[in-house]
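As a plain string of letters, each chain reads:
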Amino acid sequence: MSTFRRVATISFNATLRTYLSGSNLFWIVAFPILLSFLISLWLGSDGDTAVSRLGITYETPRGDQASREFVRVSKVFGVYLIFCFSTLLTRAGNLHDERRRGTLQRTLVAGVPYSEIVAAHLVSLILVGALQAVIVLVGTGLLGTRWLATGWGSVILPVAGTIFAASGIALGIAGLLRNPGIVQLLAGGAPSILALMGGAFFPLDVAPAGVQRLAAVNPMYWAMEALSGGFVYSGWASQAAPMAILFLFGVIGMVIGVQGLRRFEP
Amino acid sequence: MATHAAVQEARGQAAGDPSIVVEGLRKSFGKNVAVDGLSFTVHPGEIFGLLGPNGAGKSTTLSIMAGLIRPDSGDVKIGGHSVIRETQRAQRLMGVVPQGLAVYEELTAAQNLDYFAKLRGIEKKRRRQEIEEILELVGLSGVAHRKVAQYSGGMKRRLNVGIGLLGRPRVLLLDEPTVGIDPQSRRHILDSVRRLAESGMAVVYTTHYMEEVEYLCSRLAIIDRGRVIAHGPIDEVRALAGDAVVLRLPFPRGVLDEAAKVESLQNTLPMPVEVTSGELRIVLPQGSRQAPAVIEELQRHGVPLDGMRLESPNLETVFLSLTGKALRDGKAAEEGAMA
Amino acid sequence: MTASIRQMGVITAHLIRKVAFNPAVVWLIAMPLVIIYILGITMHGLFSAEFTPVKPYRIVVALPEEAGFLVERISRAPKHFAVEEARDAQEARQAVFQRQADAAIVAADGDEPLTVIAPPGSIVLEMLAGVVQASLEQEAQQVAAAQPPVENGSREESDTGARSAGAADGALSAMPWEGVGSFEYFSIGLIVMFMAFASHSAMVHCVQDRSTGAYLRIRALGVTRAVYLGAGITSGMLLGAGFSLVMAVITWTLFRVVWGNAAAWALMTIAGAASVASLSFLLTALLPSDPKGVENAGGTVYSLLAFFGGSTVPLTIMPRWFSEIFSWLPNRKMLDGYLKIVKGAGVKEIEQELFGLAAAALIMLGLAWLVVMLLKREEV
């Protein structure tokens, strides 16, 4: 059996197991869709409430009506960010969980090298994230969020960047921590805090200078930048820098993860 | 039982080259020596028992044999391939049943088997047939498509064994496969292991249940703190007890639960003494004739006795007489355990 | 009766001991403190009437000469706006599009309406639109009255900041959060949220007792079901109130949150604890033999309540109509009550919230008891 097929088999199995659990399905996809829907209830479609109240003309930087959807899309995207990170950080502990169960050892005895298992773990993180993104985006889209108002690129790039960065960071955490309690705590609390400090729910302008500077090391801030770059500004040209930074987050996380997981090699 | 062991022994000798050769295995974790110079061989069709209490080094030995832990010295050869130098070739020849339930509870038994069969590289056609055979062997055919989470403990254990049989391995390593299950499932597993050995598989079976070793194995090694304290065909090992018998003395609850009292008794009596819950067990190396003197000594110490029973020697007696402690006690510190 | 009360006391003490000596209690206290700290700092600007951006917003204007008053007016707030003139509307638009400027105001000629260009939903848009509108109105008045305005530059800047923060709006002056700082707001919000989690853990232990067999053992000792459930609710209440007390002391020590009138605080805490314990009881009644399910249901319900009740997303950024829709939620009543107390209210001023919480507790207790009776099955 080739390396590719072994990695594919293991990662597919891990992804399948994630989505076979009813409670996972609820927390990974159903709850974010429900929450996004409830949030979007309070948001108008164009978001220029101040301007319409005052009766002067308003234009978005792109100059089209579609980009006014950003107000709603950005909040729903904020919810998606929280659940994407929380899901993938929770999955970060999977490899250690397999070690505790004994299935990791069983896989090794089946002749699969440890490096392939780590690679499959990373691929499964990306697959879990991608599947979650598809379900949440389609679900919230059906409930009224116009993701594609300004074209596919506006949303697909930030989502892909987010999944890559979150998967890398999750692998990094798996390499640093093996205590499931700490990983769980991190997965439960950190994403909400990162979202708030990354400007996912309110503009960062209101935050003090120090908090604004901290945003530079917050992947959620860059994900929001990539979204606004696509929706509000010049598209790909505005998205390139935040996408590169998200990619960097992912790569750094993966390097830390791979190095760290080598310590735990049986 | 004796016939079964004899048949195994004869089958092993007839088969020629051993399937498993363990030579001078040594492994430490820090200052703690887990395996200390272990050597044995297992022939095709033979079930070799590794008997010892918790923390004796059984699981560490099996992990080394499975190629999961590097020994400090020594080697293990499976079908002539070193698990250190040719790990994957050796692994292809073996099936492993870890002590923990190494199964995915979110999946069905069939999905579990299919997944691990794929990883072993078993082709699609053969995979299907093999999975059916294994399900039949472990008695899970009727529930193959039910989620493992819904299984009883015994059914999960049987699946755990079944996964180890994928790829029709020449060697099977079982690490306490019957821990915590109902008698029916236990019997099922033991019978399956016997059948597998009869088909020519070499089996290493670790346990701390001496009755399982007596039922299954032709040869065994009794290990304690990583060292072999007895080794050989089962009858020879049993004979190490000589004329020894075990004197079992139940006493009223709470009388002898203080470590100091036990220690004083152990110093007073010139033979191994073990205190278990509600019972005092004393090995009489020269047989039952020593009993009156021992009872007198106990009464002199004011130990209130509540009857007595003499037990003929078995593997537990051997262990007790050699180590001074019971097989099922001992520290539960299994470093480097497989699961 | 006396025996039942004694039994209830013993079981209550047992449940509290199980929860309070659990390592999770560290999480229960540390987690909200971290969030209060982060939100308190991050959202300080939202609770301040004197909002000034870290750096002035870069505003590009392309306006005809007649609109010079507007440029002058915006330039009077240098801490808020840095104004640059563009050659034409196209250049101004490009500057915003390429993110070289935060916003722009353009008008091709005197007849065309003014156009504000800024990202949707941004603060700079709100601020700029406010200033433009005020300038236009003032200019119109000046033209009408044909007399020059008397103004003071520094006052102008202060007005702009106040408007931008949205807190000086007359319509908002009656809002409960007005005059409350971000640390006070989030201390209240997070305590209200986590009080529910603290209380819920007691009920989760009750359900766990069922699955471990401890419940059967207790029932076999002659304890009735009502006594056992009563003990669960009582321990939930005590844990909720105890958590509130501990957090009040810690937030006072760390964040200088002054909790105001002690009697009002105590009554609000007791009423709040009763309402969350009753809600937990209702969830438990619906899932009597599934500890994980009860735990998850609690997590979901309380997270949603915290969200819509203003604990995690502050009421300041919710549209008014939206926050009013959810003003009946018990946790929102608690939030409103505590906000009033930290602003100096006594028992009389929070009567409405106390009544609301008591009514919510009674309704949920009644519903839960109904469910218990309906799902009684074979149990006596």
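This text goes with the structure placed above it.
Residues numbered from 1 in each chain as written. Chains lettered and ligands numbered in written order. Predicted model: local features only at pLDDT ≥ 70, side-chain atom pairs only at ≥ 80, totals over all residues. Heavy atoms only, no water.

S.K.: Mind showing me how you'd approach the interface of chain A and chain C here?
M.R.: Put simply, an interface is often sized by how much accessible area is lost when its parts join up. Listed by partner, the interface residues are 50 residues for chain A and 48 residues for chain C. Viewed at the interface, chain C and chain A are joined by two salt bridges. The salt bridge partner of Glu59 of chain A is Arg93 of chain C, with a shortest N-O separation of 2.6 Å. Among the secondary structure elements, those contributing two or more residues to the side of chain A that touches chain C are α2 (22–41), α3 (49–54), β1 (57–59), α4 (70–92), α9 (180–197), α10 (209–214) and α11 (219–231) of chain A. For the side of chain A that touches chain C, the leading source of residues is α2 of chain A, giving nine residues. A breakdown of the residues in the side of chain A that touches chain C according to their chemical character gives 31 nonpolar, 13 polar and six charged. Two elements, β1 of chain A and strand β4 (residues 115–117) of chain C, share three bridges in a ladder whose sense is parallel. By the bridge assignment, Thr57 of chain A is partnered in β4 of chain C with Thr115 of chain C. (Contact = heavy atoms within 4.5 Å. Salt bridge = Lys/Arg side-chain N within 4 Å of Asp/Glu carboxyl O. Helix = DSSP H or I, 4+ residues; strand = E, 2+ residues; numbered from the N terminus. Nonpolar A, V, L, I, M, F, W, Y, C, P; charged D, E, K, R; others polar. Pairing = 2+ DSSP bridges.)

S.K.: Just to check I follow, could you spell out the interface of chain A and chain B for this structure?
M.R.: Listed per partner, the contact involves 23 residues of chain A and 28 residues of chain B. Taken over both partners, the interface formed by chain A and chain B buries close to 2,200 Å², and the fraction arising from carbon and sulfur atoms is 60%. Summed over the shared surface of chain A and chain B, the result is two salt bridges. One salt bridge connects Glu106 of chain B with Arg17 of chain A, and the closest N-O pair in it is separated by 3.6 Å. Along the contact surface separating chain A from chain B lie seven residue pairs in polar contact (both at pLDDT 80 or more). Those elements that provide at least two residues to the side of chain A that touches chain B are α1 (3–20), α5 (94–101) and α6 (103–109) of chain A. Tallying contributions element by element places α1 of chain A first for the side of chain A that touches chain B, with seven residues. The residue inventory of the side of chain A that touches chain B, partitioned by class, reads ten nonpolar, seven polar and six charged. (Buried area = accessible area lost by both parts, 1.4 Å probe. Polar contact = N/O pair within 3.5 Å; in protein donor to acceptor, adjacent residues only side chain to side chain.)

S.K.: What is the right way to read the pattern of salt bridges from this model?
M.R.: In a structure, side chains of opposite charge can pair up when their charged atoms sit close to one another. Scanning the model with the defined rule gives 30 salt bridges over all chains in all. Residue Arg87 of chain C is joined to Glu91 of chain C by a salt bridge in which the shortest nitrogen-to-oxygen separation is 3.2 Å. On the basis of relative accessibility, which here comes to 30%, the residue Glu91 of chain C falls in the partly exposed class. One network of salt bridges, with partners in common, ties together Arg17, Asp97, Glu98, Arg100 and Arg101 of chain A together with Glu106 of chain B. (Buried < 20%, exposed > 50% of the residue type's maximum accessible area, 1.4 Å probe, protein only.)

This is a description of form; function is not addressed.
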